Amino acid sequence: MINNNVMLVEGNRLYLEQLSNIIRETETVTLVARFRDAKDALGQGMVFTPNIILLDADNPNIMSLLEEFHRVYPHADIICTGEKWSAESSSLYVNAGAKCFLVKPFSSEELLDAIFAFSKPAAGGKEAKVMTFFSPKGKSGKTTLIANLAMAISRKTNASVGIIDADLQFGDMAFFFNLKPQSTIVEAARDTDFLSPVSLNSYFVPVDKNVSILCGTKEPSLIDKVSIHSLETIINMARTMFQYVLIDVPAGFNPTSIAAAEMSDTTYIVTMLNGSGFEVQHIQRSLDIFTTWPDYKERVKIILTRVEPCTITSKQQMEELIGYPVVGIIPNAYLDVATAADDGRMALDLKPNSPLSQRINYLAGRITKEKQDNDDDF
Amino acid sequence: MAEEQINGVIITFFSTASAVGKTLISINMASELAREGYSVCLADFDLQFGDIRNYLRLNPEYTITDLCDRIKADSGSSLMPMLTTYAYEGVAFQVIPNPNKLEEAYNLSPETIIDVLKNLRMQYDYIIVDTTSMFSVLNLALLDISTIVTFLGIVDFIPTIKNMKIGNETLRTLNYDSNKIRLVLNRSDSKTHIQLKDVVSILGEDFYHILHNDFISASESIASGIPLVLNGQDSELTQELRALVARYTNKGYQTTETQKKNSWLSKIFR
Ligand SMILES: Nc1ncnc2c1ncn2[C@@H]1O[C@H](COP(=O)(O)OP(=O)(O)OP(=O)(O)O)[C@@H](O)[C@H]1O
Ligand SMILES: Nc1ncnc2c1ncn2[C@@H]1O[C@H](COP(=O)(O)OP(=O)(O)OP(=O)(O)O)[C@@H](O)[C@H]1O
Ligand SMILES: [Mg+2]
Ligand SMILES: [Mg+2]
């Protein structure tokens, strides 16, 4: 087993003591050296052969220090520690070679998460592709879509995928996976000021090798506990934790759906065709709002569910009616998706070759390969 | 002799799952009440994506936005001339359409909308209100001001049923009289393996009324723009809708058949 030899570099005297004690109490980890002065650590630390360095990011010279530590200790993981997480500075640190960021004071568990669990492929500076699934009206099939798509993306590419259930009154993603989560978006929002991506990670519930979910509120009144600001912070952190982030939001335009869409690389307008034809109008009404974004063509995409027959002709007809490209169509598969969800399973797993699975896999391919959206591509 | 001012009955259709039939049923309730001779106003308070104007093929001159503007300018003004009429074969009622533009919908104030309702309820026997599926500020205010709230449920897959349960429990925490909230099940026998009894057991409560699944009638009515209770096809669903209205008006609904029976019965028991 590899030793976890930690060197603590901490300018604040009180933190130095407090963090040292926490590290000493943490199993499987050894505190091999500690320094208040970063220059000492750079000059003397190698005698102790640390392979994990906790570096005080509240030091005003942190950026140049990171560079030097990286040069002197090329094989050690550098974990930045600071009093508060922020998206901008944290991504600067990660780009400068830090593994991740921990908020001080951290717990033993958080430290272990930072050392072990958080060796996700997302680390390494590249940020996740963030997608919001918006629907004008409810019952669009978007939760079903997100759940299956997340699985399909991770299986295709082995990428890490995070789902955020921000359908703040009636989020039911947890039911789809039969989860009884200890922590949800409510606890995450409550704690955002003390969290970093490493510690937020423990609020996500893993459902598959590379897929985990930040579950929604347990009852509608809890919506008040999730401020837009904390939701934004959560999305920003998730961006550094995963390679793909899929966000479920309440139907229609509301502060939650707008904030999530604003922060996303892509917003999918998801609508279920129920045969009345008025769905087209609802999509167009929504497009009227989204097309005020200057880059809406790249950012706003349409997915139709329950398309019958699920053919390229139907897709083209709908594109013509709507007057906007449709990137994906999902067939009518009520019994398959309902049976799967009632069982806490994915339709994608139960019938991997069904037309539904094929269309979902196609969409996953499109998302991961970032293929050009061609009209005639089906 | 000055007429007594009376406040009409406000019936709101609410649910915590979408696409359960709020719009279809509220339209039919308004139509049936109008058919029975009541003065009726139907309000589309699904402000962003309201379907009443779609299902009834309306081309409104004024919408709730205009009504709100008017009442803000003069709280006592008469709003009736600004309503949109729906009429079919001699049956007519008034509609408050949702805004034309999404931005308007997003910016309307719930208080002003309630003021509009308070103004109009002095003019109508019944105001029927269609809503969205969430506990918004507007919806909570509508629940408060309503005489009867119909909480609509549906037999769907487990996540929906669980959300219905949470929604129903939340509704109960608002402490309305139990008579005020009526649990109605729509599309009771839709194709899914969840059974009515499962829904009842998850909800922990019986339904006040049950409407059957009749996708063809429902779709045809929407496609033609004519409510089920007016289109002359006396389907089972139509009868169940009439029966629901009768229970709300306390009149005891009579189909032609039972009417005959009743008159016969009434002769015996006179
Ligand atoms: N491709 C599909 N074909 C047929 N039925 C579907 C399909 N996808 C979802 N459904 C069904 O539609 C209903 C709504 O699905 P889902 O919960 O995924 O939608 P949603 O947009 O998340 O709804 P909500 O408004 O409750 O959040 C469910 O009964 C589900 O089984
Ligand atoms: N009893 C029924 N049998 C069959 N289909 C029905 C029935 N009631 C409603 N429907 C169908 O269900 C769909 C949803 O109905 P409706 O639009 O009235 O629901 P809603 O609760 O207003 O939805 P939303 O929350 O999206 O506004 C419509 O396509 C309608 O035709
Ligand atoms: Mg959903
Ligand atoms: Mg509706």
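Residues numbered from 1 in each chain as written. Chains lettered and ligands numbered in written order. Predicted model: local features only at pLDDT ≥ 70, side-chain atom pairs only at ≥ 80, totals over all residues. Heavy atoms only, no water.

A. Broad picture of the site of ligand 1. Near ligand 1 you find 20 residues, and of these Lys139, Ser140, Thr143 and Thr144 of chain A together with Asp156 of chain B are the closest. Lying at an intersection of chains, ligand 1 is approached by residues of chains A and B. Within the backbone of Ser140 of chain A, one N or O atom sits 2.7 Å away from an oxygen atom of ligand 1. In the model, an oxygen atom of ligand 1 is placed 2.5 Å from a nitrogen or oxygen of the Thr143 of chain A side chain. Look at ligand 1: alone it shows 620 Å² of surface, and the protein chains cover 94% of it. Every element with two or more residues in the shell around ligand 1 is listed here: helix H6 (142-157), strand E13 (326-331) and helix H15 (334-342) of chain A. With three residues, H6 of chain A is the largest single contributor of residues to the shell around ligand 1. Within the shell around ligand 1, the residues separate by chemical class into nine nonpolar, six polar and five charged. (Near = heavy atom within 4 Å. Polar contact = N/O pair within 3.5 Å; in protein donor to acceptor, adjacent residues only side chain to side chain. Areas by Shrake-Rupley, 256 points an atom, 1.4 Å probe, with all protein chains shown as cover. Helix = DSSP H or I, 4+ residues; strand = E, 2+ residues; numbered from the N terminus. Nonpolar A, V, L, I, M, F, W, Y, C, P; charged D, E, K, R; others polar.)

B. Spotlight on the packing of H6 of chain A against helix H17 (residues 355-369) of chain A. Residues and elements named next belong to chain A. Contact geometry for H6 and H17: axes closest at 9 Å, N-to-C directions at 60°. Relative to H17, the element H6 is oriented oblique. Crossing handedness for the pair H6 and H17: right-handed. For the pair formed by H6 and H17, the contact residues are Leu145, Asn148, Leu149, Ala152, Ile153, Lys156 and Thr157 on the first element and Ile360, Asn361, Leu363, Ala364, Gly365, Ile367 and Thr368 on the second. Per-class residue counts for the contact of H6 with H17 are eight nonpolar, five polar and one charged. (Axes fitted to C-alpha atoms, helices over the stretch in contact; angles between N-to-C directions. Parallel < 35°, antiparallel > 145°, perpendicular 65-115°, else oblique. Left-handed = near helix turned anticlockwise from the far one by under 90°. Contact = heavy atoms within 4.5 Å.)

C. Local environment of the site of ligand 2. The environment of ligand 2 is made up of 20 residues, and the closest members are Lys22, Thr23, Leu24, Tyr55 and Asn186 of chain B. Nearby residues place ligand 2 at the junction of chains A and B. A distance of 2.6 Å separates an oxygen atom of ligand 2 from a polar side-chain atom of Thr23 of chain B. Within the contact set of ligand 2, a nitrogen atom lies 3.3 Å away from a side-chain nitrogen or oxygen of Asn213 of chain B. Alone, ligand 2 offers 630 Å² of accessible surface; in the complex the protein occludes 95% of this. Elements represented by at least two residues in the shell around ligand 2 include exactly helix H1 (22-35) and helix H9 (215-224) of chain B.

D. Summary view of the interface of chain B and chain A. The interface of chain B with chain A comprises 39 residues on the first partner and 33 residues on the second. Taken together, the links from chain B to chain A amount to three salt bridges. Ionic pairing is found between Asp156 of chain B and Lys139 of chain A, a salt bridge with its closest N-O pair at 3.7 Å. Summed over the shared surface of chain B and chain A, the number is 15 residue pairs in polar contact (both at pLDDT 80 or more). Broken down by class, the residue content of the side of chain B that touches chain A amounts to 17 nonpolar, 14 polar and eight charged. (Salt bridge = Lys/Arg side-chain N within 4 Å of Asp/Glu carboxyl O.)

Geometric descriptors of this kind do not, in isolation, establish any biological role.
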